[in-house]
Amino acid sequence: MGKINPTELAKVTYLNAAAVGERSLLLMPLWDGSEWHQWIDVADGQLIKIQVVDTIRSIYVAKSVGKNNDFWIFFVDFMWQRASWPEISRIILSVCDDFHLLATSASKLNHYFEARNSIEGTLINSYVQTELEYLITTARAVFDLLQEAISTIWNTAACPL
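A short tour of the structure in this document, coming up.

**So, the packing of aromatic side chains**
Here comes step 1: What the rule picks out here adds up to six aromatic pairs.
Here comes step 2: Feature note: the residues Trp31, Trp36 and Tyr60 constitute an aromatic cluster, connected by ring pairs.
Here comes step 3: Over the aromatic face of Phe113 sits the side chain of Arg116, whose NZ or CZ is 3.9 Å from the ring centroid.

What follows is the structure in structure tokens.
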């Protein structure tokens, strides 16, 4: 999407439009404790508010969690608030995606544990081994992305953290 008009950006209640500067924005939904609020860029930098009923998988802004199994990641929060320049935004989204994948992998391991008596022994061993290898590889990818983010911030001249 293109540049959003600062007057339009002021519609997004959780955002300090004056402080955005040259950073990129992910217009995340806001959970206010009772309902969702979401703004989208429709055209020519104009925003409209849409009504989100519920989320399945989302990065969102809130003072408290929308669902009991949601979790807060300090690094992601910090990066969106302080370092969301265009060259960093892609990395932040990738880290968020990898955290979702790690959670899915952990859930699959839990499922295998609970279903261990109904799955053939050698087959479940292969399932668990494959999932553990994937989990370790994905965790390593998160560290690689963190290194890339740190390096990019370090090499960015305009780094007013």
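**A word on the pairing of strand E2 (residues 36–43)**
Here comes step 1: Pairing analysis gives two bridges linking strand E1 (residues 30–31) to E2, with the strands arranged antiparallel. When the bridges of E2 are listed, Trp31 appears paired with Trp36.
Here comes step 2: Between the antiparallel neighbours E1 and E2 lie four residues, among them Gly33 with a positive phi of about 105°.
Here comes step 3: With five bridges joining them, E2 and strand E3 (residues 46–50) adopt antiparallel strand pairing. For Gln38, the partnering residue across the bridge sits in E3 and is Ile50.
Here comes step 4: Hairpin connection of E2 to E3: two residues between the antiparallel strands, including Asp44 at a positive phi of 50°.

**What to know about the nonpolar core**
Here comes step 1: By size, the foremost hydrophobic cluster in this structure holds 15 residues, and its most contacted members are Val76, Met79, Ile88, Ile92 and Ile153.
Here comes step 2: A per-element tally of this core places helix H3 (residues 86–114) first, with five residues.
Here comes step 3: The next biggest cluster of nonpolar side chains, apart from the first, holds seven residues, and it includes Leu9, Val12, Val20 and Leu47.

**Here we look at the sheet that holds strand E4 (residues 61–62)**
Here comes step 1: In spatial order, the strands read E3-E2-E1-E4; together these four strands make up an open sheet with mixed pairing. Of all strands in the sheet, those bounded by a partner on one side alone are E3 and E4.

**Focus on helix H2 (residues 74–82)**
Here comes step 1: All buried positions along H2 are accounted for by Val76, Met79 and Trp80. One side of H2 holds all its buried residues, which, seen down the axis, span an arc of 95°.
Here comes step 2: Buried residues in H2 make contact with H3 and helix H4 (121–155).

The rules we used
Residues numbered from 1 in each chain as written. Predicted model: local features only at pLDDT ≥ 70, side-chain atom pairs only at ≥ 80, totals over all residues. Heavy atoms only, no water. Phe/Tyr/Trp six-rings, centres within 6.5 Å; stacked < 30°, edge-to-face > 60°. Lys NZ or Arg CZ within 6 Å of the ring centre and 35° of its normal. Pairing = 2+ DSSP bridges. Helix = DSSP H or I, 4+ residues; strand = E, 2+ residues; numbered from the N terminus. Core = buried A, V, L, I, M, F, W, Y, C linked by side-chain atoms within 4.5 Å. Buried < 20%, exposed > 50% of the residue type's maximum accessible area, 1.4 Å probe, protein only. Arc of directions from axis to C-beta. Contact = heavy atoms within 4.5 Å.

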